[in-house]
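Structural characterization, general
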Amino acid sequence: MNFKQSDLEELLQIQAEFDARIDTHNIEDTKTAYFIEFTEWFNTIEPFKNWKQQKGKAREVQLAELADMLAFGLSAYLQAPDDEKRPVGQMSFTIDMAAHLASGAQQNFDFKFIGLVYKQVEKEKFKTMLRLPFMIAADLYTVPELIDAYKTKMQVNHERQDRGY
């Protein structure tokens with residue numbers, strides 16, 4: 001994978017433009033939404049449904065939920081105090097490295113993984129919150145698929161706002 005600083009800058013810009021349409025920003029609500037979107041994504045992969053022979057919703061449904069998680073990760077990163085986030089250049093490098101390490105790792109997505117994600121959100125680990133969707137994408141999908149799903153979802157979100165959502 002070759003995730004560049006310009007990639008992260010573009011995603012942060014897209015998110016900042018959307019966030020500017022929202023009247024209030026509350027980091028607690030953003031953290032809650034991030035975790036809820038994580039669990040919604042987790043439900044789409046269905047690792048806990050041992051009674052099913054064909055686990056998982058359609059790939060595009062999974063990616064749409066992961067894109068929602070990414071949106072709230074980007075939003076949380078934008079809201080984080082400057083001393084709790086890395087400069088964009090360093091952050092894009094750590095995303096690239098984390099995604100490279102996660103690529104094909106076949107992470108055991110189980111209850112312990114849910115707890116790990118919860119702890120990162122609870123402790124306001126904004127850098128990890130931003131990296132995690134990319135790591136999941138690198139393991140189960142591709143990072144370009146996640147980015148495409150995110151951009152599509154943000155178009156939908158803007159249209160919703162235009163209609164008074």
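Look above for the structure.
What comes next is a walk through the structure. (Residues numbered from 1 in each chain as written. Predicted model: local features only at pLDDT ≥ 70, side-chain atom pairs only at ≥ 80, totals over all residues. Heavy atoms only, no water.)

Counted under the stated rule, the structure contains eight aromatic pairs. Ring geometry for Phe3 versus Phe134: centroids 4.9 Å apart, planes at 55°, classification tilted. Taken together, the residues span a long stretch of sequence, with Phe3 in the segment before α1 (5-19) and Phe134 in helix α6 (residues 126-140) at a distance of 131 residues. Between Phe38 and Phe113, the aromatic rings sit 5.8 Å apart at their centres with planes inclined by 50°, giving tilted as the arrangement. Taken together, the residues span a long stretch of sequence, with Phe38 in helix α2 (residues 27-45) and Phe113 in helix α5 (residues 111-122) at a distance of 75 residues. Across this residue pair, the class does not change: Phe38 and Phe113 are buried. Grouped by ring-pair contacts, the aromatic residues Phe35, Phe38, Trp41, Phe42, Phe48, Phe113 and Tyr118 constitute a single cluster. Positioned above the aromatic ring of Tyr165, the side-chain terminus of Arg160 is 5.2 Å from the ring centre. (Phe/Tyr/Trp six-rings, centres within 6.5 Å; stacked < 30°, edge-to-face > 60°. Helix = DSSP H or I, 4+ residues; strand = E, 2+ residues; numbered from the N terminus. Buried < 20%, exposed > 50% of the residue type's maximum accessible area, 1.4 Å probe, protein only. Lys NZ or Arg CZ within 6 Å of the ring centre and 35° of its normal.)

Counted at 1.5 Å a residue, the expected span for helix α4 (residues 88-102) with its 15 residues is 21 Å, and the 21 Å between its end C-alpha atoms agrees. Among all positions of α4, only Met91, Ser92, Thr94, Ile95, Asp96, Ala98, Ala99 and Ala102 are buried. Looking at the packing, one finds that the buried side of α4 touches α1, α3 (59-79), α6 and α7 (143-162). (Expected span 1.5 Å × (residues − 1). Contact = heavy atoms within 4.5 Å.)

We now examine the pattern of salt bridges. Across all of its chains, the model carries ten salt bridges by this definition. We note a salt bridge from Glu46 to Lys57, for which the minimum N-O separation is 3.0 Å. Of this pair, Glu46 sits in the loop between α2 and α3 while Lys57 sits in the loop between α2 and α3, and the two are eleven residues apart along the sequence. Under the relative-accessibility criterion, Glu46 is labelled buried at 0%. Here Asp68 ties to Lys153 by a salt bridge, and the two come within 3.1 Å at their closest N and O atoms. Placement of Asp68 in helix α3 and of Lys153 in helix α7 is noted, with a sequence separation of 85 residues between them. (Salt bridge = Lys/Arg side-chain N within 4 Å of Asp/Glu carboxyl O.)

Turning our eyes to something else, we now look at α7. In this model, α7 (20 residues) spans 29 Å end to end at C-alpha, consistent with the 28 Å of a helix rising 1.5 Å per residue. Buried residues along α7 sit against α1, α3, α4 and α6. Positive backbone phi, approximately 85°, marks Gly164, located one or two places after α7.

With that settled, consider the nonpolar core. With 46 residues, the main nonpolar core has Phe38, Trp41, Leu130, Phe134, Ile136 and Tyr150 as its most contacted residues. When contributions to this core are tallied by element, the ones reaching two or more residues are α1, α2, α3, α4, α5, α6 and α7. When residues of this core are assigned to their parent elements, the largest contribution, nine residues, is made by α3. (Core = buried A, V, L, I, M, F, W, Y, C linked by side-chain atoms within 4.5 Å.)

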